[in-house]
Amino acid sequence: MFYHNKRLQYFTPPEKPDPVYAKKMQELIGGSFGEMTVMMQYLFQGWNCRGPAKYRDMLLDIGTEEIGHVEMLATMIAHLLDKAPIKYQEDGAKDAVVGAVMGGSNPRDVIMAAAMNPQHAIVSGLGAMPADSVGFPWNGRFIVASGNLLADFRSNLHAESQGLMQAVRLYEMTDDPGVKDHLSFMIARDTMHQNQWLAAIEDLKSEGFEDTVVPRVAYEYGKNEFAYQFWNNSEGEESAEGRWAKGPSMDGKGEFQYVANPQPVGPEPNPPQPDPRLHGTPKDPQAQSNGSTAPTVIERKTISS
């Protein structure tokens, strides 16, 4: 069960309304790496966890924390929208519009970038929404919960890294002391969460549950002559200088090999020819249907009353 404590984890109100910034902050709620994503990702990973109890407990701890982060951001957005004029436009956008016209850009794009999200007024009544900064609704397909803890923890590390980067960028987009203080707490928690997932990955490995390759049986199934080759598939050979191009592989089961001029190992494709009844284009025009194929006849029966 979940119990809601009315006190926020942390909150500092903004000094003044700023609906344009509220629009930007929606990304931290409903974006692909927003708090709704990590909240649902960690909770589903925890609910689905069949591993040691400490991992399940940890996942539900952090998933529940992320519910609070969504509430913090929703509260901040409500404050940023409070008493803001419905037809708000940044004064600085006026010159930008003129510049867009003179420079050949689309003035509409400039105006929309500098305007509040109209859905904040029309749909949510000056409240936050489960959507990103351009109004795209949050999508459950953003989350990863595979049942393999190492694969999931790597995904979690990725999500926290991207989320932290976005929070830092938003921090640098405002001069409001209240907003900056509020985001500084979230930046600190994202820093912890990155370290948390690195520690959890280390724990899994040290306990012998997982190795670098996920799953382990992939080493048995794969064509291992290609498993440790780095293929130089673009111009230049600077990539040969990386750790991935020489020395022991990270799983200790092979040696990295740099292939400067990789060659295809498969044949040229020879797709099967289309069924004439589908009226596709075959190699030989004589094989194309001339329409003589008899159509399917559906018998109709008349029911007398």
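Everything here concerns the structure above.
Residues numbered from 1 in each chain as written. Predicted model: local features only at pLDDT ≥ 70, side-chain atom pairs only at ≥ 80, totals over all residues. Heavy atoms only, no water.

Draft legend 1. Quick peek at the overall build of the protein. Check the secondary structure of the protein and you find nine helices and two strands. Taken from N to C terminus, the helices and strands of the protein fall in the order α-α-α-α-α-α-α-α-α-β-β. A burial count over the protein gives 33% of its 305 residues as buried. Contacts spanning at least 24 positions in sequence make up 71% of the contacts within the protein whose residues lie at least 6 apart. Surface accessibility of the protein: about 19,500 Å² in total, with carbon and sulfur atoms responsible for 56%. (Helix = DSSP H or I, 4+ residues; strand = E, 2+ residues; numbered from the N terminus. Buried < 20%, exposed > 50% of the residue type's maximum accessible area, 1.4 Å probe, protein only. Contact = heavy atoms within 4.5 Å. Areas by Shrake-Rupley, 256 points an atom, 1.4 Å probe, with all protein chains shown as cover.)

Draft legend 2. Looking closely at the environment of Ser-133. With respect to the secondary-structure elements, Ser-133 resides in the loop between helix 6 (118–122) and helix 7 (149–171). What makes Ser-133 buried here is its relative accessible area of 18%. Counting along the chain gives 104 residues from Ser-133 to Ile-29, while the straight-line C-alpha distance between them is 8.8 Å. Excluding its chain neighbours within four sequence positions, the residues that come into contact with Ser-133 are Lys-23, Lys-24, Gln-26 and Glu-27. Only 2.6 Å separates the side chain of Ser-133 from the side chain of Glu-27, close enough to count as a polar contact. (Polar contact = N/O pair within 3.5 Å; in protein donor to acceptor, adjacent residues only side chain to side chain.)

Draft legend 3. Fine view of the nonpolar core. Tyr-21, Met-25, Leu-80, Val-179 and Leu-183 are the most contacted members of the largest nonpolar core, which has 25 residues in total. With seven residues, helix 3 (residues 53–81) is the largest single contributor of residues to this core. If we ignore the near neighbours within four places in the chain, the residues touching Val-179 are Pro-14, Tyr-21, Met-25, Met-76, Leu-80 and Thr-174. One finds Tyr-42, Met-58, Phe-153 and Leu-204 within the second-largest nonpolar core, a separate group that totals 16 residues. (Core = buried A, V, L, I, M, F, W, Y, C linked by side-chain atoms within 4.5 Å.)

Draft legend 4. Broad picture of the pattern of salt bridges. Inspection of the entire model under this criterion finds four salt bridges. Across the pair Glu-207 and Lys-54 runs a salt bridge whose closest N-O atoms are separated by 2.4 Å. With Glu-207 in the loop between helix 8 (177–206) and helix 9 (218–221) and Lys-54 in helix 3, this residue pair connects regions lying 153 residues apart in the sequence. Its relative accessible area of 37% is what places Glu-207 among the partly exposed residues. We classify Lys-54 as partly exposed; its relative accessible area is 40%. (Salt bridge = Lys/Arg side-chain N within 4 Å of Asp/Glu carboxyl O.)

Draft legend 5. Structural view of helix 2 (residues 35–47). Compared with an ideal rise of 1.5 Å per residue, which puts 13 residues at 18 Å, helix 2 spans 18 Å between its outermost C-alpha atoms and is within 8% of the ideal. For helix 2, a buried count of ten out of 13 residues is recorded, marking the element as mostly surrounded by other parts of the structure. Buried within helix 2 are the following residues: Glu-35, Met-36, Thr-37, Val-38, Met-39, Gln-41, Tyr-42, Leu-43, Gln-45 and Gly-46. The elements touched by buried residues of helix 2 are helix 1 (19–30), helix 3, helix 7 and helix 8. (Expected span 1.5 Å × (residues − 1).)

Draft legend 6. Here's a closer look at empty space enclosed by the protein. All told, the structure shown has one cavity of 30 Å³ or more when counted by the stated rule. Estimated volume of the largest cavity: approximately 80 Å³. Leu-28, Phe-33, Gly-34, Glu-35, Val-38, Glu-66, Ala-159, Glu-160, Gly-163, Ala-167, Met-186 and Asp-190 together form the lining of the largest cavity. Of all the secondary structure elements, the ones that give two or more residues to the lining of the largest cavity are helix 2, helix 7 and helix 8. A per-element tally of the lining of the largest cavity places helix 7 first, with four residues. In terms of residue class, the lining of the largest cavity is built from six nonpolar, two polar and four charged. (1 Å grid on protein atoms, 1.4 Å probe; cavity = no way out; pocket = protein on both sides within 12 Å on 5 of 7 lines; lining within 4 Å. Points joined across faces, edges and corners; volume = space filled by probe spheres on them. Nonpolar A, V, L, I, M, F, W, Y, C, P; charged D, E, K, R; others polar.)

Draft legend 7. Focus on helix 1. Given a rise of 1.5 Å per residue, twelve residues ought to cover 16 Å, and the 17 Å separating the end C-alpha atoms of helix 1 matches this to within 8%. For helix 1, a buried count of ten out of twelve residues is recorded, marking the element as mostly surrounded by other parts of the structure. Among the residues of helix 1, those classed as buried are Pro-19, Val-20, Tyr-21, Ala-22, Lys-23, Met-25, Gln-26, Leu-28, Ile-29 and Gly-30.

Draft legend 8. Region of interest: the side chain of Glu-65. Inspection of the secondary structure assignment puts Glu-65 in helix 3. Owing to a relative accessible area of 14%, Glu-65 belongs among the buried residues under this scheme.

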